[in-house]
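Secondary and tertiary structure notes
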Amino acid sequence: MLTFIGLGLYDERSITVEGRDALQGADRAFMEQYTSRLIGTDVETLEAEHGIGIELRDRAGVEQDPEEMLAAAESEDVAFLVVGDPMVSTTHVDLRLRAADRGIDTRIVHGTTAEAAASSLTGLQNYRFGPATTLPFPYAHGAEGLPASVTNTIDDNRDRGLHTLVYLDIKQERGDYMTADIAADLLSEAYPDTLAVAVCRAGSPDPVVAADALSELAEREFGGPLHLLVVPGDLHHIEAEALRTFADAPIELAPLE
């Protein structure tokens, strides 16, 4: 059995009770931190909390050479740990498909996601989000200006009145985590006066949610990672009130009518 377990968003206690039981009942546990990481803890604390050794795997060890994990799962109960929900990233779906091709039973224990947290913390209705996008670091993008994948997604969603969740780039191997101010600065080149919402450290005891024009968010400090941005589309009056109440959105950018 290969069980994909979502760890939630922040620390060793963010896992669900079902996930905790599955992890503690596993023979071996593997974990990746290249799609995201638990900012509020480390692997050693996870191991101590749940009483099991955790073997880290980098991207290559999951996508190119997962043989050790799959071979173990043919005869043992193996847990694969993922920040957030296990199946948000295509890389994890690929691993599950590889397991299925070898006749290995799989199970998913869900965890909460950054998308769900962004909707909850901002008050923006989850069914009014369009496709999400990821904003890369300029050095990773390798070209001038914003990637078309980002601007096209935001523009298409705004044309339809939908909100856009903008994931911010993570380069785990370099220790680089894009912050909301950097992201706002990059996006303000194309959308200087556009309302956006910074959501920082979702799932932690001290999340920060701040709404303002992108050019204004670019001038703020939001503390440590992880961060994301939301670019709202048309606002229902309840959404506008929520942004003004919980994120200090300026009245002129979040009118009630």
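Residues numbered from 1 in each chain as written. Predicted model: local features only at pLDDT ≥ 70, side-chain atom pairs only at ≥ 80, totals over all residues. Heavy atoms only, no water.

Here is the rule: UniProt positions are given in the numbering used here, feature names are shortened, and annotations may be inferred rather than shown by experiment.
In the nomenclature of an unreviewed UniProt entry, the protein is known as Diphthine synthase of Halalkalicoccus paucihalophilus. Regarding the protein, the relevant UniProt record gives this comment under Sequence similarities (unreviewed entry): "Belongs to the diphthine synthase family." Per UniProt, the protein carries the Pathway (unreviewed entry) text "Protein modification; peptidyl-diphthamide biosynthesis."

Quick word on the UniProt feature "binding site: S-adenosyl-L-methionine" (unreviewed entry) in the protein
Applicable threshold: Two kinds of site are reported from a 1 Å grid over the protein atoms alone, namely cavities, where a 1.4 Å probe fits but cannot get out, and pockets, open sets with protein on both sides within 12 Å along at least five of seven lines, and residues are called lining when an atom falls within 4 Å of a point. Starting at the N terminus, helices and strands are each numbered in turn, a helix being any DSSP run of H or I of at least four residues and a strand any DSSP run of E of at least two. Residue contacts are counted whenever heavy atoms from the two residues lie within 4.5 Å of one another.
Under the UniProt annotation, "binding site: S-adenosyl-L-methionine" (unreviewed entry) lies at Leu-9, Asp-85, Val-88, Thr-113, Ala-114, Leu-168, Ala-202 and His-227. From this annotated list, the subset lining the largest pocket comprises Leu-9, Asp-85, Val-88, Thr-113, Ala-114, Leu-168, Ala-202 and His-227. Looking at where Ala-114 falls in the secondary structure, it is placed in helix H6 (residues 114-122). Not counting residues up to four positions away in its chain, the partners in contact with Ala-114 are Leu-9, Tyr-167 and Leu-228. Looking at where His-227 falls in the secondary structure, it is placed in strand E12 (residues 227-231).

Notes on the UniProt feature "domain: Tetrapyrrole methylase" (unreviewed entry) in the protein
Under the local residue numbering, the UniProt record ascribes the feature "domain: Tetrapyrrole methylase" (unreviewed entry) to residues 1-217. In this annotation, residues 1-217 is assigned 36% helix and 22% strand; the end-to-end C-alpha distance for the span is 46 Å.

So, the sheet that holds strand E4 (residues 78-82)
The line we're drawing: Criterion used throughout: strands pair if DSSP finds at least two bridges between them. Here an axis means a line fitted to C-alpha atoms, over the contact stretch when the element is a helix, while the angle between two N-to-C directions is reported on a 0 to 180 degree scale.
Strands sit in the order E3-E2-E4-E1-E5 across an open sheet of five strands; the sheet is parallel. Because the sheet does not close on itself, it has two edges, and the strands there are strand E3 (54-57) and strand E5 (106-109). Ignoring which end each strand starts from, the neighbouring axes of this sheet average 25° apart. In the sheet, strand E2 (residues 28-32) pairs with E3 via four bridges, with the strands oriented parallel. Counted as the bridge partner of Phe-30 is Glu-55 from E3. Sheet strands in contact with helix H1 (residues 17-24) are strand E1 (2-6), E2, E4 and E5, and its direction is about 140° off that of E5. Its contacts with the sheet put helix H2 (residues 43-50) on E2 and E3, and the angle it makes with E3 is roughly 150°.

Here we look at the pairing of strand E7 (residues 164-168)
The line we're drawing: Each residue's exposure class comes from its accessible area (1.4 Å probe, protein chains only) as a fraction of the maximum for that residue type: buried when under 20%, exposed when over 50%, partly exposed otherwise.
For E7, the buried fraction is high: four of the five residues fall into the buried class. Where strand E6 (residues 133-135) and E7 come together, three bridges link them in parallel fashion. The residue bridging Thr-133 from the neighbouring strand is Val-166, located in E7. Bridging between E7 and E12 involves four bridges; their strand directions are antiparallel. Bridging across to E12, Tyr-167 finds its partner in Leu-228.

A closer look at the pattern of salt bridges
This is how it is decided: Salt bridges are identified by distance alone: a Lys or Arg side-chain nitrogen within 4 Å of an Asp or Glu carboxyl oxygen.
Taken as a whole, this structure holds 16 salt bridges when the rule is applied. As a salt-bridge pair, Arg-57 and Glu-55 come within 3.7 Å of each other at their nearest N and O atoms. When the shortest N-O distance is used, the salt bridge between Arg-102 and Glu-74 registers 3.3 Å. Here Glu-74 lies in the loop between helix H4 (67-73) and E4 and Arg-102 lies in the loop between helix H5 (90-101) and E5, a separation of 28 residues in the sequence. Exposure remark for Arg-102: the relative accessible area of 31% places this residue in the partly exposed category. Among the ionic contacts, a cluster of salt bridges with common partners joins Arg-28, Glu-55, Arg-57 and Glu-68.

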